[in-house]
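Observations on the three-dimensional arrangement
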Amino acid sequence: MSFAEQLRSDAFTLISEIDPPKGVQLDAFLESAAAMKGRVDALAVTDCEHAVMRMSPLAPARSLLDAGQDPVIVMNGRDRNRISLQAELLAAWALGVRNVVVKEGIDPDWGDQPLVRTSGDLRLETMLQCLAALNSGKDLGGEEIDGETAFTFGVGFDLSDDINLNRQRADDVVRFAEYGVSFIVLGPTYDKNILDLFLPKAEEAGIKVFSTIMLLKSVGMIRYLNGLQGVPSIPNEYLKEMLDAKIKAEAGLSIAAGFFRDIQDVCDGAVLHSLGWGPRLPRFLDLIGR
């Protein structure tokens, strides 16, 4: 079943993020992807996630197609302008890629090359306008292109510890629906109250909601995240569970599995964000029965 067909069904959709290599070899990438085949519904090939330089998602996505897997590519606006975004989307379509998630992209100050400047040209709405235009056979300038795309696309929303900012982003869901958005991907959170802001807006717009589940590795990781300004805090119940656990790494997987079960009745899908813990994903999938 293709990703688009999966979206049209009523089934809960499970996506796993997978990072392209930081180099030119795809062997390890393909081995990781093969281990997930049949256990998740799609693989989302990230785009210099966390502002860490890696291979563009285009070549890895093509390699997944060759291996019989239907990829979703992530494209951020941080590193592109309107011309380069349109050019890469046309290249993706020509290579057989049919599914896209657009995101603003995290500030380069967080990454491995902090001297990089953002393009400053692309906001989420502009990126969605671009996809809608290409799907109608035109570019952003209104000029006809040779053929047209038919991307299935969604939009990734970064979440905040500011409830008013989250409410504003939830309001954007209804506004963005006019561009043909099929689904939204909410950034990592273990706070169900944040999900509750987006769910009614998405239902009103007829858009599916995916919640991102980040695997928690340690007590230190939870405390670090809770000390960061601008990101959702991890609720104390999960910190206590981690503190009480004898094996912290296993507790992190158990917490994620429990949260996964909690959101299955309210969300349309989930995205697994391993944060360098890719080898542990098969164990997590065991816990949720996938």
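Since the structure is predicted, the reported quantities are computational estimates derived from the model, not experimental observations. (Residues numbered from 1 in each chain as written. Predicted model: local features only at pLDDT ≥ 70, side-chain atom pairs only at ≥ 80, totals over all residues. Heavy atoms only, no water.)

**Notes on the pattern of salt bridges**
Pairing of side chains with opposite charge becomes possible as their charged atoms draw close. To keep things clear, this is the line we draw: Just to be clear on terms, a salt bridge is a Lys or Arg side-chain nitrogen sitting within 4 Å of an Asp or Glu carboxyl oxygen. Per the convention used, a helix needs a DSSP run of H or I reaching at least four residues, while a strand needs a run of E reaching at least two, with both numbered from the N terminus. Exposure is judged per residue with a 1.4 Å probe applied to protein chains only, and the accessible area is read against the type maximum: over 50% gives exposed, under 20% gives buried, and values in between give partly exposed.
Applying the stated criterion across every chain yields a total of 15 salt bridges. Its salt-bridge partner being Lys103, residue Glu49 comes within 3.5 Å of it at the nearest N-O pair. With Glu49 in the loop between β2 (42–45) and α3 (58–66) and Lys103 in strand β4 (residues 99–103), this residue pair connects regions lying 54 residues apart in the sequence. As far as the burial class goes, Glu49 and Lys103 line up, both buried. A salt bridge links Asp262 to Lys192, with the nearest nitrogen and oxygen atoms 3.6 Å apart. Taken together, the positions of Asp262 in helix α10 (residues 248–263) and Lys192 in helix α7 (residues 192–205) put the pair 70 residues apart, joining distant regions of the chain. Owing to a relative accessible area of 32%, Lys192 belongs among the partly exposed residues under this scheme. Here the salt bridges do not stand alone but share partners, grouping Asp47, Arg80 and Glu88 into one network.

**Some remarks on the packing of aromatic side chains**
Any two aromatic rings considered together are summarised by their centre-to-centre distance and by the angle between their planes. Quick reminder of the rule: Aromatic rings from Phe, Tyr and Trp, taking only the six-membered ring of Trp, are treated as a pair when their centres fall within 6.5 Å; an angle between ring planes under 30 degrees marks them as stacked, one over 60 as edge-to-face, and anything in between as tilted. The rule is short: NZ of Lys or CZ of Arg within 6 Å of the ring centre and within 35 degrees of the ring normal puts a charge over the ring.
Scanning the model with the defined rule gives nine aromatic pairs in all. An angle of 80 degrees between the planes, with centres 5.1 Å apart, marks the rings of Trp93 and Phe151 as edge-to-face. Within this pair, whereas Trp93 is found in helix α4 (residues 82–94), its partner Phe151 is found in the loop between α5 (124–135) and β5 (152–157), the two being separated by 58 residues in sequence. Given a relative accessible area of 5%, Phe151 falls into the buried group. Plain terms: the ring middles of Tyr190 and Phe259 are 4.9 Å apart, the flat faces sit at 50 degrees to each other, and that makes the pair tilted. With Tyr190 in the loop between β6 (183–186) and α7 and Phe259 in helix α10, the pair connects residues that are 69 residues apart, well separated along the chain. The residues Tyr190 and Phe259 share a single accessibility class, namely buried. Through pairs of rings, three or more aromatic residues link up here, namely Phe3, Phe183 and Phe210. Geometry around Trp93 places Arg98 over its ring, the cationic atom sitting 3.6 Å from the centre.

**As for unusual backbone geometry**
Not every positive phi belongs to a glycine, and His50 is a case in point at roughly 60 degrees. Following the sequence through the fold, His50 ends up in the loop between β2 and α3. Residue His50 is classed as partly exposed on the basis of its relative accessible area of 31%.

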